[in-house]
Structures are given as structure tokens and as C-alpha cells.
Amino acid sequence: LKARLAEGPMELPIGSYDLTVRSHADTELQAASWNTPVYGTSYAFSIRKDETTPVDDIVCTLQNIKVTLLCSADLADQLADDTKASVSLGDAVLEFDKAKWDGQQAAFFMPAGETNDLEFLLTGTFVEGGDVSFSRTISGVKAGQWRKIELVIAYADQGGIKFDIQVDNF
């Protein structure tokens, strides 16, 4: 096809067309993967008899959902190295080891629908002993969004530690 395009304009039958461009082939797409953004777009156009059909600039955008995880230093120091945070969308799950809580490792999820729910789950132990378990649903997530999750400590009225997450949307 590349060689054919180099020859110049090509004639197509009259009709309506959808041009789809993507950075990855369908066979390469995964429901969830590390550091693998997928970019693409679709462009609808019509071919008419005896007319040249120009194609406007094609601008690709992020087609999957980007998720990064940060953890406040005061909380990270209290959690043992076996503590893990996982993020899932449907059956697709990626697990952030404690060493990946610096916001540098990005998880990418292919959306299941127009809006999606990400599930956040923290499990493990405290350095001083005791189990850690916390979960939260992040609703209304769409393709092309970057959800920056920060795990923080919120102190309850009784002075005990209560987990929470702050989610920034870009």
C-alpha cells in the first residue's frame, strides 16, 4: 500500500468511507499493558463522481486510559515492601509494586465502553505489623484521559489512620 500511495492519487469507487488510523495493529492491542499508549482517530468522507476528495489533516489522540500512581512519603514509609496496589478495568488488572509508586510507571487500559469504572485495590501489611486493605472505584473514566492516583493518609476523628486516594484527571 505504501508503494501505491507514492504513485499519487488513487481512484476509489463512489461511496462513503471511514478511514481509521491507529498506532498499533488490532492484533497488538491488549486490554491492559505497561507504558503502551495507543493513538488513533477515525475520519469519515465521501467519494463523489468526477471530484477530487481532499483529506484534511489527521490528528490522532490517545485511545486508551492512562493511569499512574503516587504515594505520599509518610504513608510509603509505614507500608511493608509486600504491599501492592492494583488497578483494574473489567477483567484487565495491572499491579503496581511499591517500587512503582513514583508516578513514572504508566498503566494503559483499553476502554470497555464510552465511560468506564477503574477499580483501585491496596493490599499488604504495615511495617509495624497488621494488614492493609483499601479499595475505591473511580467512575466515569473515558478513553484519552490520564488518571493520576495519589495514595494518601487521611486521619479519622479518633486519630487512627484512614487511607484515601486523590485522583487528578488530565
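For the structure, check the block above.
Every chain is numbered independently, its residues counted from 1 as its sequence is written. With the structure being a predicted model, the display of local features is reserved for residues of pLDDT at least 70 and the display and counting of side-chain atom pairs for 80 or more, all residues being used for whole-chain, interface and lining totals. To get the side-chain values, all heavy atoms of the structure are used, and hydrogens and water are removed first.

We now examine the overall build of the protein. Secondary structure elements follow DSSP: runs of H or I of four or more residues count as helices, runs of E of two or more count as strands, with numbering from the N terminus. Each helix and strand in the protein was counted, giving two helices and twelve strands. In sequence order, the secondary structure elements of the protein are arranged as α-β-β-β-β-β-α-β-β-β-β-β-β-β. A compact globule built from 170 residues should have a C-alpha radius of gyration of about 15 Å, whereas the protein, at 22 Å, is more than 25% larger. Principal-axis analysis of the C-alpha atoms gives the protein an extent of 80 × 30 × 25 Å. Each residue gets one of three labels from its accessible area relative to the maximum for its type: buried under 20%, exposed over 50%, partly exposed in between, using a 1.4 Å probe on protein chains only. Looking at the 170 residues of the protein, the share that counts as buried comes to 31%. Residues are treated as being in contact if the distance between any of their heavy atoms lies within 4.5 Å. For the protein, the proportion of contacts with a sequence separation of at least 24, taken over those separated by at least 6, is 59%. In these tables, accessible area is a Shrake-Rupley quantity obtained with a 1.4 Å probe, and a residue counts as shielded only by the protein chains included in the view. In the form shown here, the protein has an accessible surface area of approximately 10600 Å², with 48% of it arising from carbon and sulfur atoms. Only four residue types enter the tally: Lys and Arg on the positive side, Asp and Glu on the negative side; His and the chain ends are excluded. Every charge is mapped onto a representative atom, which is NZ of Lys, CZ of Arg, CG of Asp or CD of Glu. The distance from the centre of the 14 positive side-chain charges to the centre of the 26 negative ones in the protein is 5 Å. With the radius of gyration taken over C-alpha atoms, the globule rule is written as 2.2 Å times the number of residues to the power 0.38.

Let us now look at the pairing of strand E3 (residues 39-47). Two strands are said to pair when DSSP picks up at least two bridges between them. Inspection of the sheet shows strand E1 (residues 15-22) paired to E3 by eight bridges, in the antiparallel sense. When the sheet's bridge partners are listed, Gly 15 is paired in E3 with Ile 47. Where E3 lies against strand E4 (residues 61-62), two bridges are found, and the strand directions are antiparallel. Within E4, the residue paired with Tyr 39 across the bridge is Leu 62.

All right, on to the packing of aromatic side chains then. To pair, rings of Phe, Tyr and Trp, with the six-membered ring standing in for Trp, must have centres within 6.5 Å; the planes then decide the type, stacked if under 30 degrees apart, edge-to-face if over 60, and tilted in the middle. Applying the stated rule across the entire model yields four aromatic pairs. When the ring of Tyr 17 is compared with that of Phe 45, the centres are 5.6 Å apart and the planes differ by 15 degrees; the resulting orientation is stacked. You can see Tyr 17 sitting in strand E1 and its partner Phe 45 sitting in strand E3, a full 28 residues away along the chain. Look at Tyr 17 and you get partly exposed, because its relative accessible area is 25%. The buried category is assigned to Phe 45, whose relative accessible area is 15%. Among the aromatic side chains, those forming a connected cluster through ring pairs are Tyr 17, Tyr 43 and Phe 45. A cation over an aromatic ring shows up here: Lys 100 above the ring of Trp 34, its NZ or CZ 4.6 Å from the ring centre. Whether a charge lies above a ring is judged from NZ of Lys or CZ of Arg, which has to be within 6 Å of the ring centre and within 35 degrees of the ring normal.

Residue types Ala, Val, Leu, Ile, Met, Phe, Trp, Tyr and Cys, when buried and joined through side-chain atoms within 4.5 Å, form a set referred to as a nonpolar core. Membership of the largest hydrophobic core comes to 29 residues, with the highest contact counts inside it found for Val 67, Trp 101, Phe 109, Leu 118 and Phe 120. Apart from the residues within four sequence positions on either side, Trp 101 is in contact with Leu 69, Leu 70, Cys 71, Leu 79, Thr 83, Lys 84, Ala 85, Phe 96, Leu 122 and Leu 151.

On to the environment of Thr 52. Note that Thr 52 resides in the loop between E3 and E4. For Thr 52, a relative accessible area of 77% puts it in the exposed group. When the C-alpha positions of Thr 52 and Gln 63 are compared, they lie 30 Å apart, and in sequence the two are eleven residues distant.

This next bit is on the sheet that holds E4. Taken together, the three strands give an open sheet; going across it, the order is E1-E3-E4, and neighbouring strands pair in antiparallel fashion. The open sheet has two edge strands, E1 and E4, and neither has a second partner.

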